[in-house]
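Notes for the structure review
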Amino acid sequence: MSKQCTIDLACENISKHFTAFTAVDNVSFTIPKGSFFSILGPSGCGKTTLLRMLAGFESPSSGDILIKQQSMLDVPPNKRPVNMVFQHLALFPTMNIEQNIGYGLRRQGVAKAEIAERVTAVLARVGLAGSGKKRVEQLSGGQRQRIALARCLVLNPTLLLLDEPLGALDLKLREQMKIELKLLQKEFGTTFVYITHDQSEALVMSDQIAVMNKGKFEQVGTPHQLYYEPETAFVAGFVGDSNRWHGTITSIDDACLMLKTDDGLSFRAKVAAEQKLEVGATLEVFVRPEAINVSRTAYSDDDNQLSCTVQTLLFDGANSQIIAIEPNSGGKITVLMPQTSEFVNLTMGDELFLNWSATQTLGFLVEPENRDSAVGA
Amino acid sequence: MGNLGANARLKLGLWLLLMPLGLWLLLLIILPHFELLIFSITDPEDGAFTFEFYSEFFTEPLYWRTFLRTAVMSILATVLTLIIAFPVSFYIAKMLKGRSKGIVFAMCLIPFWVSELVRTFGWMILLRESGVISNFLQFSGLAAGPVELLYTDATIMLGLVYSSMLFMVVPLVSTLDSLDDSYIEAGYDLGGTNWNVIREIVIPHAVPGIVSGCIIVFMLSLGNYLTPVLLGGKDSLWFTEQIYTQFITRFNWEQGSAFGLMLLLLSSLIVWLGLKATGQSFTKTMG
């Protein structure tokens, strides 16, 4: 029983069909109390529809939404113990900050003196003490963000929904707000459901992430699991950067596969055992640029070693990348540029040795019926 | 030097662009009112300055009472129009989407393609003693004899509200259209009921539209001639009728001019008071 009570939200087989398409297709998941749960997916994957169903603005075509074991299907949005931070925040421009935060409390019929007290307290907690009399347009983007959070958190919701609220901020501020959001979530202990298309937001903040694609959850797991052990080709491609090829199995021995990619590279891979593999089968293959060891001299400790020349350098500070080409086959591979002294003078045409282990090669069997779409993507 | 030339040309361009507006203001607004002003303060006999036509307005109870009645009825008509037009506008702007929105909005507009005179006659056909409603009441046994529904204050009110509706709906739809749905959703999400959301989010947002709609409807009702005369008959006692009588029946242009200016001044005063009372400013509403 006590374990049961720690589940704040449970969705059971919920679907949402619109006349022309299915936005959410038979999704089930549970979120434990106090956790930061993200739903990560490309635009149009149905994550906004899912969030709106949790808030009560859409009703599911089938399935059930349980908050603390209570079905929410017949509960209108204004009666749910759920609050939402909207994409563009939706702070009421006709009210000042104090009135904005007090709006929900006034609805609950809280006494005036207590409203003032709680508003002051929550403003202090989000680090904006004393700005209660300001108008919304007087605040900066990051401050508005915190007010939008405070407006919801002051009501002590069971569940706080966030609809890509960081999307409108500039890069620097977004990085800062990510950390701030995570800290606020820990401090308040409220369960957050955060939807985003930005994998970095999801990876940094979340306890659990669900990767959503075409209305379905591809995988639910910790950021660590999604990054290191993606279960599907979509997750491998969507979370983190990757080199991505289509490859054919050329030989199999008990430990490893030997693969040959479409553009001619050959290397070894270890693939999850449950997949049925045979020589000639097609795989989608991923190798992360940062998983590849770059060296100027040859060594053969790793399973894979390619001898390449530098074709292009993409300078981006710490995230600079090298596009290397294997002269024999013409196949290309992207690797992260090490920032050590050895590579400071790296120029186009230099010779490099790229090493990585077979376990860091992720391979997913392309089902025959999926093949066209996979190649297209 | 060249810079100066360009500047002068820019100024000339600006003046040319302002010309139509300037001419319109001068020829159709300023000149006639100036003429009225001259008429109203000149004694027709000896051409000397006089204030008697204005004091006539305040000393003769019929005149200022007629004005008062007109103003009160116009305010009432404005309030009624707002009360009816607000839900209609909200429905058009927020509940309807895409094509049906265009169609319903057009349905509000279409009656105004017909001249006001014809529309008013339409009401007369419905409401007169031998009209459609009277006949229906007799036919269904609800009334024993013919029922006269014309020539009452209620009929005037009906006509005023009907003929002003569009001028309230258009500004309201455009302000409500600009209210992002997420504000309304946030209002519900934070625990608000329908009434809370309307009262605290929708209405404050729509205030500029409400104020401009009210100003237009009030001015149109106050200056309306056709509707009170046709639907109200002889007893309608509308202030514009007084002006008409002075100019046309009595040939007392001086008195008519004074009434015309009084109408302008007093209606401006009422609008100003209305703006003050609701804490709005004219520039804020129109900007």
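All values reported here derive from a predicted model rather than from experimental measurement.

This part is about the overall build of chain B. The number of helices and strands found in chain B is 13 helices and zero strands. The order of helices and strands in chain B, counted from the N terminus, is α-α-α-α-α-α-α-α-α-α-α-α-α. Here chain B has a C-alpha radius of gyration of 24 Å; the compact-globule value for 287 residues is 19 Å, and the former is much larger. Seen along its three principal axes, the alpha-carbon backbone of chain B occupies a region of about 80 × 70 × 35 Å. Taking the intrachain contacts of chain B between residues at least 6 apart in sequence as the baseline, contacts between residues at least 24 apart amount to 69%.

On to the overall build of chain A. When helices and strands are counted, chain A shows 10 helices and 20 strands. Within the span of chain A, comprising 377 residues, buried residues form 38% of the whole. For chain A, the proportion of contacts with a sequence separation of at least 24, taken over those separated by at least 6, is 65%.

Moving on to the domain arrangement of chain A. Assigned domains of chain A: these are domain 1 (2-234) and domain 2 (241-376). Relative placement of domain 1 of chain A and domain 2 of chain A: their C-alpha centres are 38 Å apart.

Right, let's get into the packing of helix H3 (residues 97-107) of chain A against helix H5 (residues 141-153) of chain A. Residue and element names in this part refer to chain A. Running from N to C, H3 and H5 cross one another at 30°; their axes reach a closest spacing of 7 Å. In this view, H3 runs roughly parallel relative to H5, as classed from their interaxial angle. Note on element contacts: H5 touches H3 through Ile147, Ala150 and Arg151, opposite Ile97, Asn100, Ile101 and Gly104. Grouping the amino acids of the contact of H3 with H5 by side-chain chemistry returns four nonpolar, two polar and one charged.

Before going further, it helps to spend a moment on the interface of chain B and chain A. Of the residues lining the interface, 15 residues belong to chain B; the matching set on chain A comes to 17 residues. Broken down by secondary-structure element, the contributors of at least two residues to the side of chain B that touches chain A are helix H8 (181-189) and helix H9 (194-222) of chain B. Top contributing element to the side of chain B that touches chain A by residue count: H8 of chain B, with six residues.

So, about H9 of chain B. Taking 1.5 Å of rise per residue, the 29 residues of H9 of chain B would be expected to cover 42 Å, yet its terminal C-alpha atoms sit only 34 Å apart, more than 12% below that figure. Taking the largest bend as the criterion, H9 of chain B deviates by roughly 55°, centred on Val207 of chain B, and proline Pro208 of chain B comes between one and four positions later.

All right, on to the pairing of strand S12 (residues 257-261) of chain A then. Residues and elements named next belong to chain A. Burial along S12 is one-sided: Leu257, Leu259 and Thr261 are buried, while Met258 and Lys260, pointing the other way, are not. With five bridges connecting them, strand S11 (residues 243-252) and S12 associate as antiparallel partners. Across the sheet, the residue bridging to Thr248 is Lys260, located in S12. Alignment of S12 against strand S13 (residues 266-269), held across four bridges, turns out to be antiparallel. Among the inter-strand pairings, Lys260 is bridged to a residue of S13, identified as Ser266.

This part covers the packing of helix H3 (residues 61-95) of chain B against H9 of chain B. When two helices pack together, their arrangement is given by the angle between the helix axes and by the axis-to-axis distance. Residues and elements named next belong to chain B. As a packed pair, H3 and H9 sit with axes 9 Å apart at the nearest point and diverge in direction by 140°. By the angle between their directions, the pair H3 and H9 is classed as oblique. In terms of crossing hand, the pair formed by H3 and H9 is right-handed. On H9, the residues touching Thr70, Ala71, Ser74, Ile75, Ala77, Thr78, Thr81 and Leu82 of H3 are Ile210, Gly213, Cys214, Val217, Phe218, Ser221 and Leu222. Grouping the amino acids of the contact of H3 with H9 by side-chain chemistry returns nine nonpolar, six polar and no charged.

With that out of the way, let us pick up the sheet that holds strand S15 (residues 293-295) of chain A. All names here are of chain A. Strands sit in the order S15-S19-S16-S17-S18 across an open sheet of five strands; the sheet is antiparallel. The sheet is open, and its two borders are formed by S15 and strand S18 (332-336), each paired with just one other strand. Strand-to-strand twist of the sheet, defined as the mean angle between neighbouring strand axes without regard to direction, takes the value 40°. Here strand S16 (residues 304-314) pairs with strand S17 (residues 321-325) via five bridges, running antiparallel. In the strand pairing of S17, Thr312 is matched with Ile323.

Here we come to the sheet that holds strand S5 (residues 70-71) of chain A. All names here are of chain A. Read across the open sheet, the four strands follow the order S2-S1-S4-S5; overall the sheet is antiparallel. The outermost strands of the open sheet, each flanked by one partner alone, are strand S2 (22-32) and S5. Contacts between helix H2 (residues 47-55) and the sheet are confined to strand S1 (7-17), S2 and strand S4 (62-67), with S2 contributing the most and set at about 60° to the helix.

Okay, the confidence of the model for chain B next. All names here are of chain B. On average, residues of chain B score 90 in pLDDT, and 98% of them reach the 70 mark or higher. Within chain B, H8 carries the highest mean pLDDT (95), whereas helix H13 (residues 282-286) carries the lowest (69). Per the prediction output, this complex has pTM 0.82; the corresponding ipTM is 0.83.

All names here are of chain A. One ladder, built from seven bridges, connects S1 with S2; its direction is antiparallel. The residue bridging Lys16 from the neighbouring strand is Val24, located in S2. The loop that links S1 with its antiparallel partner S2 comprises four residues. Where S1 meets S4, five bridges bridge the pair, whose relative direction is antiparallel. By the bridge assignment, Ser15 is partnered in S4 with Ser62.

What counts and how
- Residues numbered from 1 in each chain as written.
- Chains lettered and ligands numbered in written order.
- Predicted model: local features only at pLDDT ≥ 70, side-chain atom pairs only at ≥ 80, totals over all residues.
- Helix = DSSP H or I, 4+ residues; strand = E, 2+ residues; numbered from the N terminus.
- Rg over C-alpha atoms; globule rule 2.2 N^0.38 Å.
- Contact = placed C-beta atoms within 7 Å.
- Buried ≥ 20, exposed ≤ 12 C-beta atoms within 10 Å, placed from the backbone.
- Domains from an automatic or database assignment.
- Axes fitted to C-alpha atoms, helices over the stretch in contact; angles between N-to-C directions.
- Parallel < 35°, antiparallel > 145°, perpendicular 65-115°, else oblique.
- Nonpolar A, V, L, I, M, F, W, Y, C, P; charged D, E, K, R; others polar.
- Expected span 1.5 Å × (residues − 1).
- Bend = angle between axes of the 7 residues up to and from the residue.
- Pairing = 2+ DSSP bridges.
- Left-handed = near helix turned anticlockwise from the far one by under 90°.
- pLDDT = per-residue confidence, 0-100.

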